[in-house]
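# Fold and contact review
Listed here are the chains, written in short residue letters.
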Amino acid sequence: MLKIGIVLGSVRQGRNGEAVTNWTYDFALKRNDDVEYEIVDLVDYKLPLLGAALPETQQADAETTIKAWSDKMASFDGYIFVSPEYNHAVGGALKNALDFLNPELNNKAAGFVGYGSLGGTRAHENLRLILAELQVATVRTAVTFSLITDFENMSVFKPADYHKDNANGMFDQVIAWSQALKTVRG
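Reference entry: report on the structure contained in this document. Quantities reported herein were computed from a predicted structural model and do not represent experimental measurements. (Residues numbered from 1 in each chain as written. Predicted model: local features only at pLDDT ≥ 70, side-chain atom pairs only at ≥ 80, totals over all residues. Heavy atoms only, no water.)

## Concerning the nonpolar core
Counting 25 residues, the largest nonpolar core has Trp-69, Phe-81, Leu-98, Leu-105 and Leu-131 as the members making the most contacts within it. Those elements that provide at least two residues to this core are helix H2 (56–74), strand S3 (78–86), helix H3 (92–99), strand S5 (108–116) and helix H4 (121–133). When sequence neighbours within four positions are dropped, the list of residues in contact with Leu-98 reads Phe-81, Leu-105, Leu-127, Ile-130, Leu-131 and Leu-134. Membership of the second largest hydrophobic core comes to 24 residues, among which are Trp-23, Val-35, Val-82 and Ile-175. (Core = buried A, V, L, I, M, F, W, Y, C linked by side-chain atoms within 4.5 Å. Buried < 20%, exposed > 50% of the residue type's maximum accessible area, 1.4 Å probe, protein only. Helix = DSSP H or I, 4+ residues; strand = E, 2+ residues; numbered from the N terminus. Contact = heavy atoms within 4.5 Å.)

Set out below in structure tokens:
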């Protein structure tokens, strides 16, 4: 059975990402794929800034957190990254978290669910560059929620029904690529 992690890539207080991630997870479960889905929330991993000097009293906790993050991400066959777009790019918390990984992600597949003024598309393009360096195959179809049309007052998530077609396409692609790449990993 494939395991797909649905990674919530925002740690911002009052974030819209929780509603988007829950929609994505619920949508995935309703598809009845022979896949195990799990939400991975970055807020649960208090990762230090990569390369930052830490006081000795914080180093053991940081190492434990980094190991837990690494182990969790290594446990999946593929990923759906749920990401807002900040300043035409992926948010800093997700970029920092990905910088702690490399072999954990190699030869796996990923899809994107974004939200922002333009549906998070520029964050998706930024993630494609980052993940290519980590040897992750990203799929073409993405889900793009607009803060203007899919959120009431830019905070209450009310997605339009037409997103379901893209979500189905994205999940189909992520599952197919994850199955294929599992054979490469042996």
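The rest of the description comes next.
## Details of unusual backbone geometry
Although it is not a glycine, Asn-32 adopts a positive phi angle of roughly 60°. Residue position: Asn-32 is located in the loop between helix H1 (17–30) and strand S2 (35–41). We note that Gln-135 has phi near 60°; this positive angle belongs to a residue other than glycine. For Gln-135, the position within the fold is in the loop between H4 and strand S6 (136–138).

## Considerations on the packing of aromatic side chains
Scanning the entire structure with this criterion turns up 10 aromatic pairs. Ring centres of Trp-23 and Phe-145 lie 5.2 Å apart, and the angle between their planes is 85°; on these two criteria the pair is classed as edge-to-face. With Trp-23 in helix H1 and Phe-145 in strand S7 (residues 143–146), this residue pair connects regions lying 122 residues apart in the sequence. Classification of Trp-23 as buried rests on a relative accessible area of 18%. Owing to a relative accessible area of 0%, Phe-145 belongs among the buried residues under this scheme. (Phe/Tyr/Trp six-rings, centres within 6.5 Å; stacked < 30°, edge-to-face > 60°.)

## Description of the pairing of S5
With nine of nine residues buried, S5 lies mostly within the body of the structure. Of the two faces of S5, the one carrying Lys-108, Ala-110, Phe-112, Gly-114 and Gly-116 and the one carrying Ala-109, Gly-111, Val-113 and Tyr-115 are both buried. Bridge count between S3 and S5: seven bridges; the pairing is parallel. Note on S5: the bridge partner recorded for Val-82 is Val-113. Pairing of S5 with S6, which is carried by three bridges, proceeds in the parallel orientation. Looking at the pairing, Ala-109 lines up with Ala-137 of S6. (Pairing = 2+ DSSP bridges.)

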